[in-house]
Amino acid sequence: MTINETHHVTRLPEHPARLDFAKLAPEAYKALIRLDGAAGRGLEPELLELVKIRASQLNHCAFCLDMHSKDALAAGETFERIMQLGAWTESRHFYTAREIAAIELTEAITVITDGFVPDAVYARAAEQFDETELAHLIAAIVTINAFNRIGVTTRSVPGHYTPVS
């Protein structure tokens, strides 16, 4: 192949969704949407998107990764910070101490099967957030984990989400 030749790449087909949760359980879905809105009150939108992206990475929820990465970019987040989020321990300098505390707490709550949320992780979060903010942050982390579990169970298809402007 010469440099001038075009290399055609055929992507694999999309997998089908197992079911449409929002359509089949509309009251449960609406309740989660309301919880999501209530959970994030008083917290910076940028911080909330980082939390949602990090939890979605850990839970392997491609649909939520697609949605929240697009929402973050549309809200002015940088591509670089989103890309570095999976390796935040090596790229802490991209984030504030408050964001790192939220990301660390997100990991501890999301991967709860590793044990309880460590006291040191909770203490670092409590240094960065007042009690009301911390309660809302915990609610936001729990909410994205619920959405992630629905997304991976129903095999929600990523790639079609468009952020609301």
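Since this is a predicted model, take the numbers as computed values, not measurements.

Trainee: Would you take a moment to explain the packing of helix α3 (residues 45-59) against helix α4 (residues 62-74) for this structure?
Mentor: Two numbers describe a pair of packed helices, the interaxial angle and the distance between the axes. Put simply, α3 and α4 touch, their axes get as near as 9 Å, and they point 155 degrees apart. Viewed along their axes, α3 and α4 adopt a mutual orientation that is roughly antiparallel. Here α3 and α4 pass one another in a crossing that is left-handed. Of the residues in α4, those in contact with E49, K52, I53, S56 and Q57 of α3 are C64, L65, H68, S69, D71 and A72. Of the residues that constitute the contact of α3 with α4, the class distribution is four nonpolar, four polar and three charged.

Trainee: Help me out: how do you make sense of unusual backbone geometry in this one?
Mentor: Trans peptide bonds make up most of the peptide bonds, and negative phi angles are found at most residues other than glycine. Even without being a glycine, H60 presents a positive backbone phi close to 60 degrees. Turning to its location among the elements, H60 is positioned in the loop between α3 and α4. What makes H60 exposed here is its relative accessible area of 66%. In the Ramachandran plot, R155 falls in the positive-phi region, its phi being about 55 degrees despite a non-glycine side chain.

Trainee: Would you take a moment to explain the nonpolar core for this structure?
Mentor: One broad rule of soluble globular proteins: the nonpolar side chains tend to lie buried together. Counting residues in hydrophobic clusters, the biggest one holds 17 residues, and the most contacted among them are L105, F129 and L137. Elements represented by at least two residues in this core include exactly α3, α6 (97-110), α7 (119-128) and α8 (131-154). In terms of residues, this core owes the most to one element, α6, which gives five residues. The next biggest cluster of nonpolar side chains, apart from the first, holds nine residues, and it includes L50, I53, L85 and Y95.

Criteria and thresholds
- Residues numbered from 1 in each chain as written.
- Predicted model: local features only at pLDDT ≥ 70, side-chain atom pairs only at ≥ 80, totals over all residues.
- Heavy atoms only, no water.
- Axes fitted to C-alpha atoms, helices over the stretch in contact; angles between N-to-C directions.
- Helix = DSSP H or I, 4+ residues; strand = E, 2+ residues; numbered from the N terminus.
- Parallel < 35°, antiparallel > 145°, perpendicular 65-115°, else oblique.
- Left-handed = near helix turned anticlockwise from the far one by under 90°.
- Contact = heavy atoms within 4.5 Å.
- Nonpolar A, V, L, I, M, F, W, Y, C, P; charged D, E, K, R; others polar.
- Buried < 20%, exposed > 50% of the residue type's maximum accessible area, 1.4 Å probe, protein only.
- Core = buried A, V, L, I, M, F, W, Y, C linked by side-chain atoms within 4.5 Å.

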